[in-house]
Amino acid sequence: MTTKVFISRDAGAIAVGADQVAGAIAAEALHGDRDIEIVRTGSRGLYWLEPLVEVAIGGNRIAYGPVTAKDVKGLFAAGFLEGKAHKTLLGPTDSIAYLKRQTRLTFARCGVVDPLSLADYRAQGGGRGLARALSLGADKIIAEVTQSGLRGRGGAGFPTGVKWRTTADASAKEKFIVCNADEGDSGTFADRMLMEGDPFQLIEGMTIAALAVGAEKGIIYCRSEYPHAIETMRKAIEIARTAGLLGSRIADSRHSFDIALRAGAGSYVCGEETAMLESIEGKRGQVRAKPPLPAHEGLFAQPSVVNNVLSLAAATTILADGAEAYRALGYGRSRGTMPIQLAGNVKYPGLFEAPFGLSLGELVDDIGGGTASGRAVRAVQAGGPLGAYFPRALFDTPYDYEAFTARDGLIGHGGLVVFDDTVDMARQAAFAMEFCALESCGKCTPCRIGSVRGVEVIRRIVEGKDRAANEALLRDLCETLKFGSLCALGGFTPYPVLSALNHFPEDFGLARPLAEV
Ligand SMILES: Cc1cc2nc3c(=O)[nH]c(=O)nc-3n(C[C@H](O)[C@H](O)[C@H](O)COP(=O)(O)O)c2cc1C
Ligand code: SF4
């Protein structure tokens, strides 16, 4: 009998030696009398346990991790193929608390299936969303997505159903589905994990969107820093095409839809939807003024749906299980689940998919286990480089779009970057301005010039030069950036800067307001 051994081929696992572990297991198996089949999966998203090795035993998977190539002889000697004890034994994968506490909808198959096996995909529920979408037709698909309450997972949280309706209503010869896989936010990796671990789900989600709006072409814009995701997606597209799931008359229907993949060139602002469209068109990645909205005039001036990887992937679950099941999860106006990504100085970095509503403190202290350094958590930056720094005093904030906005923060793409008490928040504020200066597309003055001035003003404050006047100047500059910038790169840079200044004034050499002392 052949024993299946599962090892991730996700970039995060490969980076810490998964390929060497897989090689060592294959080599060691040659000396034994047991037949093994090594299945390279995506990651479960428990990154502190990678390389994670799982063995299929009696319908269960028994996990060992983190495993090094040097551990492999010992694992065989200990009898890991029978699930026996070893210093790296974690027990049944499904009972690992970090996984058990999650509600995995979008990431249900990730780490479980061979990413390029359509048979695995279907055996684990893949394809049900598309089948139902084909039977419903465009209007009912859009109604389902609207009723589910799904909001864009790329950052802005815009209702996906409204976006699809707008594109569907636009009349044009050609329409596009553009998948934003630029994933530039610091501490985020969910798009990459999904593309590497369950690429058919993205293809299915894009196809559902295409049926909804009447598009025949889709483009995935993936950052070039994701070579593994690009390779997996390209292979998955080819497999889907061969299986008749892409191309003309998909899945034996009267609809045609095909997908191409474009790699970005390493610019953060090319994640902004209109700059991305420029980039796909072969131009310099500069932001377009809106209106017109991409839903009216997007790629090559045609009506286009621009959605994040996770929004499109969520559509498969919504269509498969119905809007109500998705809507039943969540908090306030934030419905469904969010794949939250814990990163930075955190003990248990990884992907935690859960319904909205957990508090920030639960996520950082309980699920994340506090800092990796063992020191006190001082700040958490939520929502990428344009997101606010939350101090411990705000850890009661529920993970919800509106609750974060009420505290001058944002959820963005679901990233949480943890910092311990050695962080210099004035340095972080200066970094936010530096980042903006570096990544600015240069189209508007507040962002292009203001960010450079911002670095200088923060430096003067820290150096103690006329602190009160320079603090007032910095606040004034932030107002200008907030309200005078063309896009959210300039418009949101004030959030990390002002949150650092307001919550950690002592790092700038400024006194705390009397009420807080
Ligand atoms: C500077 C900047 C960078 C952005 N980067 C990304 C990104 O990497 N991925 C993404 O999906 N959205 C990004 N966005 C948001 C997109 O403009 C757009 O709102 C999103 O792709 C829409 O998809 P959604 O409705 O599914 O969220 C960025 C926005 C700005 C202003
Ligand atoms: S805010 Fe910055 S990135 Fe956005 S359009 Fe203006 S210059 Fe370009």
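I will try to describe carefully the structure that is included in this document.

The rules behind these values
- Residues numbered from 1 in each chain as written.
- Chains lettered and ligands numbered in written order.
- Predicted model: local features only at pLDDT ≥ 70, side-chain atom pairs only at ≥ 80, totals over all residues.
- Heavy atoms only, no water.
- Helix = DSSP H or I, 4+ residues; strand = E, 2+ residues; numbered from the N terminus.
- Rg over C-alpha atoms; globule rule 2.2 N^0.38 Å.
- Buried < 20%, exposed > 50% of the residue type's maximum accessible area, 1.4 Å probe, protein only.
- Contact = heavy atoms within 4.5 Å.
- Areas by Shrake-Rupley, 256 points an atom, 1.4 Å probe, with all protein chains shown as cover.
- Lys, Arg positive; Asp, Glu negative; His and termini not counted.
- Charge placed at Lys NZ, Arg CZ, Asp CG, Glu CD.
- Pairing = 2+ DSSP bridges.
- Near = heavy atom within 4 Å.
- Nonpolar A, V, L, I, M, F, W, Y, C, P; charged D, E, K, R; others polar.
- Axes fitted to C-alpha atoms, helices over the stretch in contact; angles between N-to-C directions.
- Parallel < 35°, antiparallel > 145°, perpendicular 65-115°, else oblique.
- Left-handed = near helix turned anticlockwise from the far one by under 90°.
- Polar contact = N/O pair within 3.5 Å; in protein donor to acceptor, adjacent residues only side chain to side chain.
- Phe/Tyr/Trp six-rings, centres within 6.5 Å; stacked < 30°, edge-to-face > 60°.
- Lys NZ or Arg CZ within 6 Å of the ring centre and 35° of its normal.
- Salt bridge = Lys/Arg side-chain N within 4 Å of Asp/Glu carboxyl O.
- Expected span 1.5 Å × (residues − 1).
- Core = buried A, V, L, I, M, F, W, Y, C linked by side-chain atoms within 4.5 Å.
- Arc of directions from axis to C-beta.

1. With respect to the overall build of the protein chain
Stage number 1. For the protein chain, the helix and strand inventory stands at 22 helices and 16 strands.
Stage number 2. Scaling as 2.2 N^0.38, a compact globule of 517 residues should have a C-alpha radius of gyration of about 24 Å, and the protein chain matches this with 24 Å.
Stage number 3. Referenced to the eigenvectors of the C-alpha coordinate spread, the extents of the protein chain come out at roughly 75 × 60 × 40 Å.
Stage number 4. When the 517 residues of the protein chain are sorted by exposure, 57% land in the buried category.
Stage number 5. When contacts within the protein chain are restricted to residue pairs at least 6 apart in sequence, those whose partners lie at least 24 apart make up 70%.
Stage number 6. Accessible area of the protein chain: about 20300 Å², with a carbon and sulfur share of 53%.
Stage number 7. Between the averaged position of the 56 positive side-chain charges in the protein chain and that of its 59 negative side-chain charges there is a distance of 2 Å.

2. Some words on the pairing of strand β4 (residues 60-64)
Stage number 1. Across the 5 residues that make up β4, a large majority, 4, are buried.
Stage number 2. Note that strand β3 (residues 53-57) and β4 share 5 bridges and pair antiparallel. Pairing of A56 across the sheet is with R61, part of β4.
Stage number 3. Counted along the chain from β3 to the antiparallel partner β4, the turn is 2 residues long, and its residue G58 has a positive phi close to 50°.
Stage number 4. Summarising the sheet, β4 and strand β5 (residues 89-92) pair through 3 bridges and their orientation is antiparallel. Bridging from a neighbouring strand, A63 pairs with G91 of β5.

3. Remarks on the site of ligand 2
Stage number 1. Among the 13 residues in the neighbourhood of ligand 2, the closest are listed as C441, K443, C444, C447 and C487.
Stage number 2. Grouping the constituent residues of the shell around ligand 2 by class yields 8 nonpolar, 4 polar and 1 charged.

4. Quick look at the sheet that holds β5
Stage number 1. Within the open sheet, the 5 strands sit side by side as β2-β1-β3-β4-β5. Their pairing is mixed. On the outer flanks of this sheet lie β2 (35-41) and β5, each paired with one strand and no other. Along the sheet, successive strands turn relative to each other by an average axial angle of 25°, direction set aside.
Stage number 2. Sitting on the sheet, helix α2 (residues 18-31) is in contact with β1 (2-8), β2 and β3, with an inclination near 170° to β2.

5. What about the packing of helix α20 (residues 467-484) against helix α22 (residues 494-503)?
Stage number 1. For the pair α20 and α22, interaxial distance at closest approach is 10 Å and the crossing angle is 150°. In terms of orientation, α20 lies roughly antiparallel with respect to α22. The hand of the α20/α22 crossing is left-handed. Residue-level contacts link E471, L474, R475, C478, L481 and K482 of α20 to P494, Y495, V497, L498, L501 and N502 of α22.
Stage number 2. Split into classes, the residues belonging to the contact of α20 with α22 amount to 8 nonpolar, 1 polar and 3 charged.

6. Quick word on the site of ligand 1
Stage number 1. Neighbouring ligand 1 are 19 residues, the closest being G154, K163, N307, N308 and S311.
Stage number 2. A distance of 2.9 Å separates an oxygen atom of ligand 1 from a polar side-chain atom of N180.
Stage number 3. E273 has a polar backbone atom sitting 2.9 Å from an oxygen atom of ligand 1.
Stage number 4. For ligand 1, whose unbound accessible area comes to 610 Å², protein coverage reaches 92%.

7. Some remarks on the packing of aromatic side chains
Stage number 1. Inspection of every chain in the model, using the stated rule, returns 16 aromatic pairs.
Stage number 2. Each ring, one from W48 and one from Y98, has its centre 4.6 Å from the other, and the planes form 70°; the classification is edge-to-face. Within this pair, whereas W48 is found in the loop between β2 and β3, its partner Y98 is found in helix α4 (residues 97-100), the two being separated by 50 residues in sequence.
Stage number 3. Each ring, one from Y399 and one from F404, has its centre 5.3 Å from the other, and the planes form 75°; the classification is edge-to-face. Each of the two residues, Y399 as well as F404, counts as buried.
Stage number 4. An aromatic cluster of three or more residues is present, and its members are F356, F390, Y399, Y401 and F404.
Stage number 5. The ring centre of F6 lies 3.4 Å from the NZ or CZ of R61, which sits over that ring.
Stage number 6. Taking NZ or CZ as reference, R223 lies 5.6 Å from the ring centre of Y226, over its face.

8. Digging into the pattern of salt bridges
Stage number 1. Inspection of the entire model under this criterion finds 35 salt bridges.
Stage number 2. Its salt-bridge partner being D139, residue R165 comes within 3.3 Å of it at the nearest N-O pair. Highlighted residues: R165 in helix α8 (residues 160-169) and D139 in helix α7 (residues 138-148), separated in sequence by 26 residues.
Stage number 3. You can call R165 partly exposed: its relative accessible area is 31%.
Stage number 4. On the accessibility criterion, D139 (52% relative accessible area) is exposed.
Stage number 5. Between E174 and K217 there is a salt bridge whose closest N-O contact spans 2.9 Å.

9. With respect to the pairing of β3
Stage number 1. Inspection of the sheet shows β1 paired to β3 by 3 bridges, in the antiparallel sense. Its bridge partner lying in β3, F6 is registered against E54.

10. Regarding helix α10 (residues 199-213)
Stage number 1. In this model, α10 (15 residues) spans 22 Å end to end at C-alpha, consistent with the 21 Å of a helix rising 1.5 Å per residue.
Stage number 2. Taking burial as the measure, the 15 residues of α10 include 15 buried ones, the bulk of the element.
Stage number 3. Looking at the residues trailing α10, positive phi occurs at G214, about 85°.

11. Focus on the nonpolar core
Stage number 1. Formed by 58 residues in total, the largest nonpolar core has its most connected members in W164, I177, L202, I203, M206 and I220.
Stage number 2. For this core, the element with the highest residue contribution is α10, accounting for 10 residues.
Stage number 3. The contacts of I177, once residues within four sequence positions are left out, are M206, A209, A210, V213, A215, K217, G218, I219, F257, V305 and L312.

12. Describing the sheet that holds strand β8 (residues 258-263)
The pairing of strands in a sheet comes from backbone hydrogen bonds and takes either a parallel or an antiparallel form.
Stage number 1. Pairing is parallel in the open sheet, where 4 strands are placed in the order β8-β7-β6-β9. Either end of the sheet is taken by a strand with one partner, and the two such strands are β8 and β9 (304-308). With direction set aside, neighbouring strand axes in the sheet form an average angle of 20°.
Stage number 2. Judged from the 5 bridges that link them, strand β6 (residues 176-181) and β9 form a sheet pairing that is parallel. Residue pairing in the sheet places C179 in a bridge with N307 of β9.
Stage number 3. Helix α11 (residues 227-242) contacts β7 (217-222) and β8 of the sheet and is inclined by roughly 165° relative to β8.

13. Observations regarding α8
Each α-helix turn comprises 3.6 residues. Residues three or four places apart therefore point the same way.
Stage number 1. Taken together, the buried positions of α8 are T160, G161, K163, W164 and T167. All buried residues of α8 project into a common sector of 160° when viewed along the axis, lining one side.
Stage number 2. Where the residues of α8 are buried, they touch α7, α10, α12 (273-280), β9 and α13 (309-321).

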